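Residue-level structural notes
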Amino acid sequence: MTESDFISLMLNKPWVNRGDTVESCDCYGLVKLYNELVQDKVLPVVKGYKEGFKFDSLWRKEIDSTWRQTGRWAAGSMVTFYDNANQPVHVGVCVGNQQVLHSPGTEENPGKVSIHKLATLMNSGAYKNVTFHKVVKHA
């Protein structure tokens, strides 16, 4: 599937906690689907993800074994967003023209898959920092 087809398929799909299907997904579920459907890379199962473990603990456990930090924006990379306490709180996929495809939401305020300029997300005040990562381990 092309990136453009994936974006068209996923835009406006509802955020669902621990969702990882084309019908609904959370932020990591969207990254997982992108890698499977666009890059033909099946990511390893993250123990605790479906069970509802905290995002930052899952991210810290998985980041070194599955991902390599690249240092800059690159199409197809995962972008990790950090809060003011420098905790990872959200991920998305770098897509064309310095944009991020992401699925923002919470149980109290579920969102939908959307696409925003990286600069817009960083200027929103919700995030303090970002890092960029490429898959290094897949099934």
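Presented here is a report on the structure given in the accompanying data block. Given the structure is predicted, the values throughout are model-derived calculations rather than measurements.

**Quick look at the environment of Lys32**
- Relative to the assigned elements, Lys32 resides in helix H2 (residues 27–37).
- We classify Lys32 as buried; its relative accessible area is 19%.
- As for Lys32 and Thr21, which are separated by eleven residues in sequence, their C-alpha atoms are 9.3 Å apart.
- Sequence-distant contacts of Lys32, that is, excluding residues within four places in its chain, are made with Asp20 and Leu43.
- In terms of polar contacts, Lys32 uses its side chain to reach the side chain of Asp20, at 3.1 Å.

**A look at the sheet that holds strand E1 (residues 67–69)**
- Here six strands make up an open sheet; going across it, the order is E1-E6-E2-E3-E4-E5 and the pairing antiparallel. Pairing within the sheet leaves two strands with one partner each, and these edge strands are E1 and strand E5 (114–117). Going across the sheet, the axis of each strand differs from the next one's by a mean of 40 degrees, ignoring polarity.
- Relative to the sheet, H2 contacts E1, strand E2 (78–82), strand E3 (88–95), strand E4 (99–102) and strand E6 (129–135), its axis offset from that of E3 by approximately 30 degrees.

**Quick word on a nonpolar patch on the surface**
- Together, Met1, Leu9 and Leu37 line one region of the surface with nonpolar side chains, adding up to about 230 Å² of accessible area.
- Mapped onto the elements, Leu9 comes out in helix H1 (residues 3–10).
- Judged by its relative accessible area of 30%, Leu9 falls in the partly exposed class.

How each quantity is defined
- Residues numbered from 1 in each chain as written.
- Predicted model: local features only at pLDDT ≥ 70, side-chain atom pairs only at ≥ 80, totals over all residues.
- Heavy atoms only, no water.
- Helix = DSSP H or I, 4+ residues; strand = E, 2+ residues; numbered from the N terminus.
- Buried < 20%, exposed > 50% of the residue type's maximum accessible area, 1.4 Å probe, protein only.
- Contact = heavy atoms within 4.5 Å.
- Polar contact = N/O pair within 3.5 Å; in protein donor to acceptor, adjacent residues only side chain to side chain.
- Pairing = 2+ DSSP bridges.
- Axes fitted to C-alpha atoms, helices over the stretch in contact; angles between N-to-C directions.
- Patch = residues over 30% accessible without salt bridge, like charges linked within 9 Å, V, L, I, M, F, W, Y side chains within 5 Å.
- Areas by Shrake-Rupley, 256 points an atom, 1.4 Å probe, with all protein chains shown as cover.
- Salt bridge = Lys/Arg side-chain N within 4 Å of Asp/Glu carboxyl O.

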